[in-house]
Amino acid sequence: MNIINQLMRNKIISLASSTIALLSLVSPVHAQAPSGDIQGFDINQVSFPNLGQLMSNALALLFFFAGLLTFVFIVIGGIQWITAGGDVKAAQAARDRITAAVVGLIVVVAAFAITLILGQVFGINLFNFKFPTAPNTVGG
């Protein structure tokens, strides 16, 4: 048991030292002070006219990130399964991770469908999501 503790301690020390070394390579970034005149960008296109538009955008982004996280967890589970190397417990943990990710995706899709159905029933367009854009200044 003492050998396992020593190995874990060595891994933690190695991880901490490599993280510190990586962070020491980061150089500071000095941003330009903001000015009121940004060429080619209309600040009025970024604003939210009401709370409903803000909630609509937040809901659409939450669904997007939920789908993205599902993909990441499925990939991690697949890598765990491949690297299990015949270990039954590791393979089961990988299967459980993939199963949980798929169940989570089903819950997210069901929530999305429910919000669409409720939006149709009550006549509310919940997904009128538009990305803020800058005006096209090319050729004009």
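Report follows, based on the coordinates. (Residues numbered from 1 in each chain as written. Predicted model: local features only at pLDDT ≥ 70, side-chain atom pairs only at ≥ 80, totals over all residues. Heavy atoms only, no water.)

What follows is about the overall build of the protein. Counting its regular elements, the protein contains 3 helices and 0 strands. Seen in sequence order, the protein has helices and strands lined up from the N terminus as α-α-α. A total of 140 residues make up the protein; the buried ones form 10% of that total. Considering only contacts in the protein between residues 6 or more positions apart, those separated by 24 or more positions represent 65%. Looking at the protein as shown, the accessible area adds up to about 11400 Å², and 71% of this sits on carbon and sulfur atoms. (Helix = DSSP H or I, 4+ residues; strand = E, 2+ residues; numbered from the N terminus. Buried < 20%, exposed > 50% of the residue type's maximum accessible area, 1.4 Å probe, protein only. Contact = heavy atoms within 4.5 Å. Areas by Shrake-Rupley, 256 points an atom, 1.4 Å probe, with all protein chains shown as cover.)

Before going further, it helps to examine helix H3 (residues 88–122). Between the first and last C-alpha of H3 there are 50 Å, a value that for 35 residues agrees with the 51 Å anticipated at 1.5 Å per step. Residues Ala-91, Ala-94, Ala-101, Val-108, Thr-115 and Gly-119 constitute the buried set of H3. The first or second residue beyond H3 is Gly-123, which carries a positive phi of 70°. (Expected span 1.5 Å × (residues − 1).)

Attention now goes to the environment of Leu-59. By the element assignment, Leu-59 lies in helix H2 (residues 51–82). Residue classification places Leu-59 among the partly exposed positions, given a relative accessible area of 25%.

Applying the stated criterion across every chain, the model contains 2 aromatic pairs. Seen in terms of ring centroids, Phe-63 and Phe-112 are 5.3 Å apart; in terms of plane orientation they differ by 90°. Their pairing is edge-to-face. Linking Phe-63 in helix H2 with Phe-112 in helix H3, this pair joins segments that are 49 residues apart in sequence. Here Phe-112 falls in the partly exposed class, since its relative accessible area comes to 33%. With 5.3 Å between their ring centres and 65° between their planes, Phe-64 and Phe-65 make a pair best called edge-to-face. Since its relative accessible area comes to 45%, Phe-65 is described here as partly exposed. (Phe/Tyr/Trp six-rings, centres within 6.5 Å; stacked < 30°, edge-to-face > 60°.)

Looking now at the environment of Ala-84. Relative to the assigned elements, Ala-84 resides in the loop between H2 and H3. Here the alpha-carbon distance between Ala-84 and Ala-94, two residues 10 residues apart in the chain, equals 8.2 Å. Beyond its immediate chain neighbours, meaning those up to four positions away, Ala-84 contacts Ala-90 and Ala-91.

Along the chain, Asp-96 falls in helix H3. In this structure Asp-96 comes out as partly exposed when scored by relative accessible area, which is 41%. A C-alpha to C-alpha distance of 8.1 Å links Asp-96 and Gly-77, two positions 19 residues apart in sequence.

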